[in-house]
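Single-letter residue listing:
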Amino acid sequence: MQRWLAEKKPDVLFYIYNDHITSFFLDHYSQFALGVGDCYAVADEGGGARKLPVIKGHPKLAQHIATGLVADEFDLSYFQGKGLDHGVFSPLSVLWPHDPTWPGALVPFQVGVLELPVPSAKRCFNLGKSLRKAIQSYPEDLKVAIVGTGGLSHQVHGERCGFNNTPWDMQFLDLLENNPEALTELTIAQYAERGGFEGAEVVMWLIMRGALSRKVKKLHQAYYLPSMAPIATVIYENAADDPIDETIADYRARIATQWLGIEKLEGTYPFTLDRSVKAYRLNHFLHGLIKPEFRKRFLEDSESLFEEAALTAEERDMVRRRDWRALIRYGAIFFLLEKLGAAVGTTNLHIYAAMRGQSLEDFQKTRNAKILYSVAGQDAGKKDWDER
């Protein structure tokens, strides 16, 4: 596999994996989470992060893939600023050289397979088909390799801990190559029965397989069971071009349909993934205002917080001046601006008026009721504006 990657020299790896309750906790656990950030660090899983360099992301490709998958009715969440755990870096560290840096970029795709209900095998396979169209239609010339991960038969909990089933693993690999549709008919319970509960995560391989042609050429396969989970590797390449049901031009037009013309709306700044990535540092800083201690420090010594957050001179200036319209134009999302407003003791109505370039008095003349409100609750940030 190292040799194949060295020969093919992919620009980007689209990396399908599952997080192990490291960066994706149970307070918000998505079935499909697409990494849209510009870089990814190694997550600390309890004993210190592995000594591996940060790997670059590819936000533009990720945004294009997101647009395509959503247009095909796959509901996604998006992430950035999160570390990636051993689900990514254990395989990647032995596949790609990384001293001093990685040779390409990564678009991680986290599949929530640990908390039932989880995506079915059929849904994963169909998502792979959609993924193929998205990657093939990307307008820039990029080499993309799709990496499917997940252990074959294994179980790590309960009295069945240590379960393996090598005959099933061999059958799975054969079907994956020659008849993946048969694998889509199995339930998660059947995967767990045959391959162990945690081994049911092999449905992630079907995303990779769905993104390939119906017939594939297998260049490599290896299997080794040293302890708890098999170490299995396989390389497939497309063997033939499948019939085209949609031209690239038609596909690009279709996936853009929902947003067509939105750029013509005056005074409107849609919060796109592009803006989200650009302004992530600023929005992350503003999100800190939901924490009382951060709010207190912000009100007492905002400059030290600016420094810790590494805000740019432009970002610091906009926050200092409470330049609401400039912040929106830059990429701040409004619902963090209202948190800033609440923290400094102003109201949503003051912010709305500033967005329009009006005084509060003039803006209130355009409203049916002249009221003031904000998202502030009980603390000093609310001040006395609601008593006037």
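Before going into details, it helps to say that this report is about the structure given with it. (Residues numbered from 1 in each chain as written. Predicted model: local features only at pLDDT ≥ 70, side-chain atom pairs only at ≥ 80, totals over all residues. Heavy atoms only, no water.)

1. Here's the deal with the nonpolar core
Here is step 1: The biggest cluster of nonpolar side chains holds 53 residues, and the ones touching the most others in it are Leu34, Phe109, Phe172, Tyr191 and Trp205.
Here is step 2: Top element by residues in this core is helix 4 (residues 121–136). It accounts for seven residues.
Here is step 3: Other than its neighbours up to four places away in sequence, Trp205 contacts Gly148, Thr149, Gly150, Leu152, Phe172, Leu173, Leu176, Ala232 and Val234.
Here is step 4: The next biggest cluster of nonpolar side chains, apart from the first, holds 23 residues, and it includes Leu289, Met318, Trp324 and Ala343. (Core = buried A, V, L, I, M, F, W, Y, C linked by side-chain atoms within 4.5 Å. Buried < 20%, exposed > 50% of the residue type's maximum accessible area, 1.4 Å probe, protein only. Helix = DSSP H or I, 4+ residues; strand = E, 2+ residues; numbered from the N terminus. Contact = heavy atoms within 4.5 Å.)

2. Points about the pairing of strand 1 (residues 12–17)
Here is step 1: Most of strand 1 is tucked away: six of the six residues are buried.
Here is step 2: Covered by surrounding structure in strand 1 are Val12, Phe14 and Ile16 together with Leu13, Tyr15 and Tyr17, the residues of both alternating faces.
Here is step 3: Looking at chain direction, strand 1 and strand 6 (residues 105–111) are connected through six bridges and run parallel. Paired with Ile16 across the two strands is Phe109, which belongs to strand 6.
Here is step 4: When strand 1 meets strand 7 (residues 144–148), the two strands line up parallel, connected through five bridges. Residue pairing in the sheet places Ile16 in a bridge with Gly148 of strand 7. (Pairing = 2+ DSSP bridges.)

3. Digging into the environment of Lys365
Here is step 1: Relative to the helices and strands, Lys365 is located in the segment after helix 17 (360–364).
Here is step 2: Taking relative accessible area as the criterion, Lys365 reaches 54% and is therefore assigned exposed.
Here is step 3: The sequence separation of Lys365 and Lys133 amounts to 232 residues, and the corresponding C-alpha distance is 51 Å.

4. Overview of the sheet that holds strand 7
Here is step 1: An order of 5-2-6-1-7 is seen for the five strands of this open sheet, with the pairing classed as mixed. Every interior strand has two partners, whereas the edge strands, strand 5 (77–79) and strand 7, have only one. Put simply, the sheet's adjacent strands are angled 20° from each other on average, direction ignored.
Here is step 2: Contacting strand 1, strand 2 (32–35), strand 5, strand 6 and strand 7, helix 2 (residues 59–71) runs over the sheet at an angle of about 150° to strand 2. (Axes fitted to C-alpha atoms, helices over the stretch in contact; angles between N-to-C directions.)

5. Points about the pattern of salt bridges
Here is step 1: Following the criterion strictly, the structure yields 17 salt bridges and no others.
Here is step 2: Between Arg316 and Glu307 there is a salt bridge, with the nearest N and O atoms lying 3.0 Å from each other.
Here is step 3: Judged by relative accessible area, Glu307 falls into the exposed class, the value being 55%.
Here is step 4: Three or more residues are tied together by salt bridges with common partners; here these are Asp72, Lys133, Asp245, Glu246 and Arg254. (Salt bridge = Lys/Arg side-chain N within 4 Å of Asp/Glu carboxyl O.)

6. Structural notes on the packing of helix 2 against helix 4
Here is step 1: Taken N-terminus to C-terminus, the directions of helix 2 and helix 4 make an angle of 130°; their axes are 9 Å apart at the nearest point. When the axes of helix 2 and helix 4 are compared, the pair comes out oblique. In the crossing of helix 2 with helix 4, the sense of the turn from one axis to the other is right-handed. Facing His64, Ile65, Gly68 and Leu69 of helix 2, the residues of helix 4 in contact are Leu127, Ser130, Leu131, Ala134 and Ile135.
Here is step 2: Broken down by class, the residue content of the contact of helix 2 with helix 4 amounts to six nonpolar, three polar and no charged. (Parallel < 35°, antiparallel > 145°, perpendicular 65-115°, else oblique. Left-handed = near helix turned anticlockwise from the far one by under 90°. Nonpolar A, V, L, I, M, F, W, Y, C, P; charged D, E, K, R; others polar.)

7. A short note on the packing of aromatic side chains
Both the distance between ring centres and the angle between the ring planes are used here to describe each pair of aromatic rings.
Here is step 1: By the definition in use, this model includes 15 aromatic pairs.
Here is step 2: With 5.0 Å between their ring centres and 90° between their planes, Phe24 and Phe79 make a pair best called edge-to-face. Taken together, the residues span a long stretch of sequence, with Phe24 in the loop between strand 1 and strand 2 and Phe79 in strand 5 at a distance of 55 residues. For the pair shown, Phe24 and Phe79 are each scored as buried.
Here is step 3: Aromatic pair Tyr40 and Phe79: ring centres 6.1 Å apart, planes at 65°, arrangement edge-to-face. Highlighted residues: Tyr40 in strand 3 (residues 39–40) and Phe79 in strand 5, separated in sequence by 39 residues. Across the pair, exposure class does not vary: Tyr40 and Phe79 are buried alike.
Here is step 4: Aromatic ring contacts, followed pair by pair, group Phe334, Phe335, Tyr352, Phe363 and Tyr373 into a single cluster.
Here is step 5: When the ring centre of Phe24 is taken as reference, the NZ or CZ atom of Lys82 above it lies at 5.5 Å. (Phe/Tyr/Trp six-rings, centres within 6.5 Å; stacked < 30°, edge-to-face > 60°. Lys NZ or Arg CZ within 6 Å of the ring centre and 35° of its normal.)

8. Re helix 11 (residues 280–287)
Here is step 1: The complete set of buried residues in helix 11 reads Leu282, Asn283, Phe285 and Leu286. In a view along the axis of helix 11, the buried residues occupy a sector of 155°, so they form one face of it. (Arc of directions from axis to C-beta.)

9. Some details on the pairing of strand 9 (residues 231–238)
Here is step 1: Sheet analysis places strand 8 (residues 216–224) next to strand 9, joined by eight bridges and oriented antiparallel. Bridging across to strand 9, Ala222 finds its partner in Thr233.
Here is step 2: Turn length for the strand 8-strand 9 hairpin, with the two strands adjacent in sequence and antiparallel, is six residues.

10. Side note on the environment of Ser276
Here is step 1: One can find Ser276 in helix 10 (residues 273–278).
Here is step 2: Separated by 57 residues in the primary sequence, Ser276 and Ile333 place their C-alpha atoms 8.3 Å from one another.
Here is step 3: Other than its neighbours up to four places away in sequence, Ser276 contacts Gln80 and Phe271.
Here is step 4: A distance of 2.9 Å separates polar atoms of two side chains, one belonging to Ser276 and the other to Gln80. (Polar contact = N/O pair within 3.5 Å; in protein donor to acceptor, adjacent residues only side chain to side chain.)

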